[in-house]
Amino acid sequence: MALNLRQKQTECIIRMLNLNQPLNATGTANEEVYKILIYDKFCQNILSPLIRVKDLRKHGVTLYFLIDKDRKPVHDVPAVYFVQANQSNVQRIIADASRSLYDSFHLNFSSSIPRPLLEDLASGTLSSDSIQRIAKVHDQYLEFVTLEDNLFSLAQKSSYVQLNDPSAGDREIEEIVERIVTGLFSVLATLAVVPIIRCPRGGPAEMVASALDQRLRDHLLSKNNLFTEGGSFASSFQRPILCIFDRNLELSVAVEHDFRYRPLVHDVLGLRLNRLSVQGEKGGMKSYELDSSDPFWVANGLLEFPEVAVEIEAQLNKYKKDVDEVNRRTGGNDGAEFDGTDLMGNTKHLMNAVNSLPELTERKQVIDKHTNIATVLLSEIKERSLDSYAKKENDMLIKGAIDRNELLGVLRGKGTKMDKLRFAIVYLISLESINQSEVESVEAALKESEVDTSAFQYVKKMKSLNVSMASANSASRNNIVDWAEKIYAVTAGVKNLLSSDRQLALTRTVEALMEGKPNPEIDNYLVFDPRSPKSSSGSSSHLKGPFKEAIVFMIGGGNYVEYGSLQELVQRQQPVRHVIYGTTEILTGVEFIEQLTQLGNKMGFGSSTAAPSH
Amino acid sequence: MASTYRDRTAEFRSLSETLKKIGGITAVHHQQPENDPASAKPLTTTPPAAVAAANSSRSEFNKKASRIGLGIQETSHKISRLAQLAKRSTMFDDPIVEIQELTALIKNDITALNVALSDLQTIQNIEIADGKYSEDRVGHSTAVFDDLKSKLMGATKQLQNVLTTRTEHIKAHENRKQMFSKNALRENPFQHHAKTVTEPPPWSNSSNGDANAQPSALPPIGVQVGSQLRRRLAVENTPSQHMEMSMLQQVVPRQENYAQNRAVALHNVESTISELSGIFTHLATMVAQQGELAIRIDDNMDESLANVEGARSSLLRHLNQISSNRYMQNTMTSG
């Protein structure tokens, strides 16, 4: 049973659209009811990657609105609300009900509505005498955004800043942890699994893990819990493992330049909720959808960019060949002769040709789309020499050192300010030991290019405090795999630009956790099992045994590089395993640097002590 | 499937009961300012009246719409029954009569539904013209209408497919029959067939016109049969033949009768297809659904986007101001 988060979330949403009534064979409710859908901004982001308007129509939704929009009455129609449970939404619902905008209100909250808000809702609608209009109130536990079958995000902004803020108080940290736990709980509820939780000691990961464990325990004790797995003795082979990590485990991934297709499109062109806007070839902006329905994107997302270009070329040639084939078959026989026997053959060909036309058109559209994207990417890459950045950063991270002139050459060469800052930070992270004079020359070069160095200062400070962000490197140094990497370092010059040779610390750790064999890196990781009674703490062997499925969660922000790396891992493994990757938010390199800059400012680096910025 | 949501309705109801009991005291005594009685009072009186008044008029559209929807569903069921019948039919066990009756029934249904739909549109136009409908209501009605149209179109297409398959079956059976039977029989079906035709074969004309709508299997068949028919028509199309034929028909052996029935069935099927394609194209011109196939929910964000852009630009201006101050401070302190 492979967990497909996207499919499960879509099922829940469709059920919600059908007013939570059972669906018959054709996937629509028995009763034909037309309804109106109302959502808030957060829930719109949940719905957009999953459901198209034509799917809405199929389930009887005629109109769809944002809750903040000024809406007019549509009297005899039920309304389905899908919103977050907060005060302003509740007030808006009360206002709508008082104005009798719709016939009945089916309220669905993306997570659990807290009791006080429910009371507000009740008293508000009671006093406007519209309480009879509220037909249903549901907690949907869908408070996360699923972008691909195995990729989700909690869409919680700036969690890295908030968690690492030196001035943050206990209460604020607790609130953030609570929010993350709510999001993770929704994910687990939608998948209907209670996993074994593992996390490194200390830091936000441990806080989230223990809070989540507690939440699951409390929930399982209640009467109608959402997890109806059969029995508490289900072997851990069936249960997945949930690995929770903190961003500081491996900071370089969030900052570095990567040269594979998917990370490039996200980082350079700004992919948001599976949607991309680029300059079209004839001028004017074009908007593209990039998700699992795009076969080229699915097949080639992990390829390096030059290979992608080759692949586009190949697809184009194949398409041209197929079109010629169709033309040949139908164009030649232009229907001059109509003897009986040939006719059926001709018509069959004609029918095949006609039937294949839509498919051919679609293929052409996909090819055109990716040609356009690749062209725009190429011009960006050339202008900023991103290939050089990616290669040199990769070299630095593998070797742990870089030639000084090369370093300064990059900082003075092509690329945006952010590119240079990212390069400098990757340099900092990759260093085994800080060479003060080199660092100073780097700083000078940055200042020359008028780069705001707050982020750099922050990372320098963290490194000097020996915060575990360096663990990615040191771990790799002490590993058995060390000698293999030394060989890589020697042959790196000869190899092509292949950043996939370097395995991320995250991937390595997840592999070790899934295998369950003793491994110095993970042996001191904590274990939580929400199903077991509290007394037997995690030394039972079945809790560490090999896992076929894993859910990996990164607190503080993740990106397509990590996602891609995990997908590569499971494709390599025998037997085939399955990993779902999620994070608090999906960040480009620039966005993460902005958070580092904020932290740098808070610590007093940068020009002045800035006001709190969240 | 395990439920992954929690139903809080019961909790909500009990909460409201509790609150009602607590607030019930103040609801009676309006002078007490506890539950904002000033706004509560007029609201409690007007909604029921407004609801009742609107109830009668507004739901006519809905009633009709749901009736049409139900009708389309039933018709779809009939069409699937027809498809099963057509599939079941073999060379000798062909329930021609049943199929023809069912086809006629379905055709009438579809025509009736078509008429009902245009009625619905008139109702909608009248109600809109009355002016008491909000724009959202208009949007809703339009969406309902489009949905029903597309469903009817789907049913029509389905029927067309079934009939096309049926035609192919009949042709296949005919071919097999020709292989087994003698020459005498081969001429007759089409000869008699030709004489019962009082108009040029409809399929040869309309099928060319609706080349896009119909599956491409139809024109060749039509043309093939048509060409044979035309030859016969040209030779023997005189009124006297009708009487001759009717006398002949009575003494025609049972096999020819059977063959004639098959031919008649073929003819009926093909004329039905052509009529349907007429309806089909008529509906297709009305429905403008192409653009919706790939639309996402967050398309057309123009209005909210405008607001966001406005807010963002003002924030940016503010930020520029701040950073320019900082820059000035910087340059002044660093000299």
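Under the annotation held in an unreviewed UniProt entry, chain B carries the name t-SNARE coiled-coil homology domain-containing protein and is attributed to Castanea mollissima. Taken from UniProt, the Sequence similarities (unreviewed entry) comment for chain B reads in full: "Belongs to the syntaxin family."

An unreviewed UniProt entry annotates chain A as SEC1 family transport protein SLY1-like of Castanea mollissima. As its UniProt record puts it under Sequence similarities (unreviewed entry), chain A is described as follows: "Belongs to the STXBP/unc-18/SEC1 family."

1. Remarks on the overall build of chain B
In terms of regular secondary structure, chain B is built from 10 helices and 1 strand. Along chain B, from the amino end to the carboxyl end, the secondary structure elements read β-α-α-α-α-α-α-α-α-α-α. With 335 residues in all, chain B has 39% of them scored as buried. Carbon and sulfur atoms form 57% of the exposed surface of chain B, whose accessible area is close to 19200 Å².

2. Digging into the packing of aromatic side chains
Residues and elements named next belong to chain A. Summed over the entire model, instances satisfying the criterion amount to 12 aromatic pairs over all chains. Between Tyr261 and Trp297 the ring centres are 5.6 Å apart and the planes differ by 65°, which places this aromatic pair in the edge-to-face class. In this pair, Tyr261 sits in helix α10 (residues 261-269) while Trp297 sits in helix α11 (residues 295-300), placing the two residues 36 residues apart along the sequence. Like Tyr261, the residue Trp297 is buried in the burial classification. Judged by centre distance (5.7 Å) and plane angle (75°), the ring pair of Tyr389 and Phe423 falls under edge-to-face. One end of the pair, Tyr389, is in helix α14 (residues 386-399); the other, Phe423, is in helix α16 (residues 417-430), with 34 residues separating them in the sequence. Residue Phe423 is classed as buried on the basis of its relative accessible area, which comes to 0%. Of note, Arg215 hangs over the ring of Phe185, and the distance from its end group to the ring centre comes to 4.8 Å.

3. Observations regarding the packing of helix α4 (residues 87-98) of chain A against helix α5 (residues 115-127) of chain A
Residue and element names in this part refer to chain A. Viewed as axis vectors pointing N to C, α4 and α5 meet at an angle of 20°, and their least axial separation amounts to 9 Å. In terms of axis orientation, α4 runs roughly parallel to α5. Along this stretch, α4 crosses α5, giving a crossing that reads as right-handed. Judged by residue contacts, Gln87, Val90, Ile93, Ile94 and Ala97 of α4 engage Leu117, Asp120, Leu121, Gly124 and Thr125 from α5.

4. Some thoughts on the nonpolar core
Residues and elements named next belong to chain A. Formed by 115 residues in total, the largest nonpolar core has its most connected members in Phe245, Ile425 and Leu596. With 9 residues, helix α13 (residues 340-384) is the largest single contributor of residues to this core. With near-sequence residues (within four places) excluded, Leu596 lies in contact with Tyr160, Val255, Ile425, Ala455, Tyr458 and Val459. By size, the runner-up hydrophobic cluster in this structure holds 38 residues, among which are Cys199, Leu212, Leu226 and Leu526.

5. Topic: the sheet that holds strand β7 (residues 151-153) of chain A
Residue and element names in this part refer to chain A. One open sheet accounts for 7 strands, arranged β6-β7-β14-β13-β9-β8-β12; its pairing is mixed. Where the open sheet ends on each side, the last strands, each with one partner, are β6 (145-148) and β12 (526-528). Between one strand axis and the next, the sheet turns through 20° on average, direction left out of account. Those strands touched by helix α7 (residues 170-191) are β7, β9 (241-246), β13 (549-555) and β14 (578-583), and its axis lies near 160° from that of β13. Across the sheet, helix α8 (residues 203-221) is in contact with β8 (196-199), β9, β12 and β13; its angle to β9 comes to roughly 145°.

6. Observations concerning the confidence of the model for chain A
All names here are of chain A. This prediction gives chain A a mean pLDDT of 82; 83% of its residues lie at or above 70. Across residues 229-236, confidence stays below pLDDT 50; counting only partners more than four residues off in sequence or on other chains, it has 9 contacts. With pLDDT under 50 throughout, residues 468-500 is counted as low confidence; its partners more than four residues away or in other chains account for 52 contacts.

7. Some thoughts on the sheet that holds strand β4 (residues 104-109) of chain A
Taken in spatial order, the 6 strands of this open sheet run β2(A)-β1(A)-β3(A)-β4(A)-β5(A)-β1(B), and their pairing is mixed. The outermost strands of the open sheet, each flanked by one partner alone, are β2 (61-66) of chain A together with β1 (6-7) of chain B. Taken together, the 6 bridges between strand β3 (residues 78-83) of chain A and β4(A) define a ladder with parallel strand orientation. Its bridge partner being in β4(A), Ala79(A) is matched across the sheet by Phe105(A).

8. Quick word on unusual backbone geometry
Residue and element names in this part refer to chain A. One non-glycine residue, Tyr141, lies in the positive phi region at around 50°. For Tyr141, the location among the structural elements is in the loop between β5 (134-139) and β6. On the accessibility criterion, Tyr141 (4% relative accessible area) is buried. Unusually for a residue other than glycine, Leu273 sits at a positive phi of about 50°. Within the secondary structure, Leu273 sits in the loop between α10 and β10 (275-279).

9. Focus on α16(A)
A rise of 1.5 Å per residue sets the reference length of α16(A), with its 14 residues, at 20 Å; its end C-alpha atoms lie 20 Å apart and thus fit the reference within 8%. The buried fraction of α16(A) amounts to 12 of the 14 residues, a majority that puts the element mostly inside the structure.

10. So, the environment of His578(A)
Mapped onto the elements of the fold, His578(A) is located in strand β14. Here the alpha-carbon distance between His578(A) and Phe547(A), two residues 31 residues apart in the chain, equals 9.3 Å.

11. Considerations on helix α1 (residues 5-17) of chain A
Residues spaced three or four apart along an α-helix face the same direction, because each turn holds 3.6 residues. Residue and element names in this part refer to chain A. Here α1 contains 13 residues, and its C-alpha end-to-end distance of 18 Å stays within 8% of the 18 Å for a straight helix at 1.5 Å per residue. Three or more residues of α1 are buried, namely Leu5, Arg6, Gln9, Thr10, Cys12, Ile13, Arg15, Met16 and Leu17. Its side-chain oxygen 3.3 Å from the backbone nitrogen of Arg6, Asn4 forms the N-cap of α1. A positive backbone phi angle near 60° is found at Leu19, which sits one or two residues after α1.

12. Thoughts on the pattern of salt bridges
Scanning all chains against the criterion turns up 38 salt bridges over all chains. The salt bridge partner of Arg260(A) is Glu568(A), with a shortest N-O separation of 3.6 Å. Taken as a pair, Arg260(A) in the loop between α9 (252-255) and α10 and Glu568(A) in helix α22 (residues 560-572) lie far apart in primary sequence, 308 residues in all. Overall, Arg260(A) belongs to the buried group, its relative accessible area being 6%. The network of salt bridges with shared partners includes Arg115(A), Glu119(A), Asp139(A), Arg8(B) and Glu11(B).

13. Quick look at the side chain of Glu148(A)
Residue and element names in this part refer to chain A. Secondary-structure assignment places Glu148 in strand β6. Glu148 gets classed as buried once you look at its relative accessible area, which sits at 6%. Not counting the four nearest positions on each side in its chain, Glu148 is found in contact with Arg6, Arg262, Trp297 and Tyr563.

14. Side note on the packing of helix α15 (residues 404-412) of chain A against α16(A)
All names here are of chain A. Axis separation between α15 and α16 bottoms out at 9 Å; the angle between their running directions is 155°. Classed by the angle they form, the pair α15 and α16 counts as roughly antiparallel. Between α15 and α16 the crossing geometry is left-handed. Between α15 and α16, the residues in contact are Leu407, Val410, Leu411 and Arg412 and Lys420, Phe423, Ala424 and Tyr427, respectively. Within the contact of α15 with α16, the residues separate by chemical class into 6 nonpolar, no polar and 2 charged.

15. Focus on the pairing of β2(A)
Residue and element names in this part refer to chain A. Of all 6 residues in β2, 5 are buried; the element is thus mostly enclosed. Of the strand pairs in this sheet, strand β1 (residues 35-39) and β2 are connected by 5 bridges, and their pairing is parallel. Its bridge partner being in β2, Tyr39 is matched across the sheet by Leu66.

16. Here's the deal with the environment of Phe42(A)
Residues and elements named next belong to chain A. Within the fold, Phe42 resides in helix α2 (residues 41-47). Overall, the relative accessible area of 15% leaves Phe42 in the buried class. When the C-alpha positions of Phe42 and Phe547 are compared, they lie 33 Å apart, and in sequence the two are 505 residues distant. Those residues in contact with Phe42 that sit more than four places away from it in its chain are Gln84, Glu143, Leu154 and Ala155.

Thresholds, definitions, all that
Residues numbered from 1 in each chain as written. Chains lettered and ligands numbered in written order. Predicted model: local features only at pLDDT ≥ 70, side-chain atom pairs only at ≥ 80, totals over all residues. Heavy atoms only, no water. UniProt positions renumbered as here; feature names shortened; annotations may be inferred. Helix = DSSP H or I, 4+ residues; strand = E, 2+ residues; numbered from the N terminus. Buried < 20%, exposed > 50% of the residue type's maximum accessible area, 1.4 Å probe, protein only. Areas by Shrake-Rupley, 256 points an atom, 1.4 Å probe, with all protein chains shown as cover. Phe/Tyr/Trp six-rings, centres within 6.5 Å; stacked < 30°, edge-to-face > 60°. Lys NZ or Arg CZ within 6 Å of the ring centre and 35° of its normal. Axes fitted to C-alpha atoms, helices over the stretch in contact; angles between N-to-C directions. Parallel < 35°, antiparallel > 145°, perpendicular 65-115°, else oblique. Left-handed = near helix turned anticlockwise from the far one by under 90°. Contact = heavy atoms within 4.5 Å. Core = buried A, V, L, I, M, F, W, Y, C linked by side-chain atoms within 4.5 Å. Pairing = 2+ DSSP bridges. pLDDT = per-residue confidence, 0-100. Expected span 1.5 Å × (residues − 1). Polar contact = N/O pair within 3.5 Å; in protein donor to acceptor, adjacent residues only side chain to side chain. Salt bridge = Lys/Arg side-chain N within 4 Å of Asp/Glu carboxyl O. Nonpolar A, V, L, I, M, F, W, Y, C, P; charged D, E, K, R; others polar.

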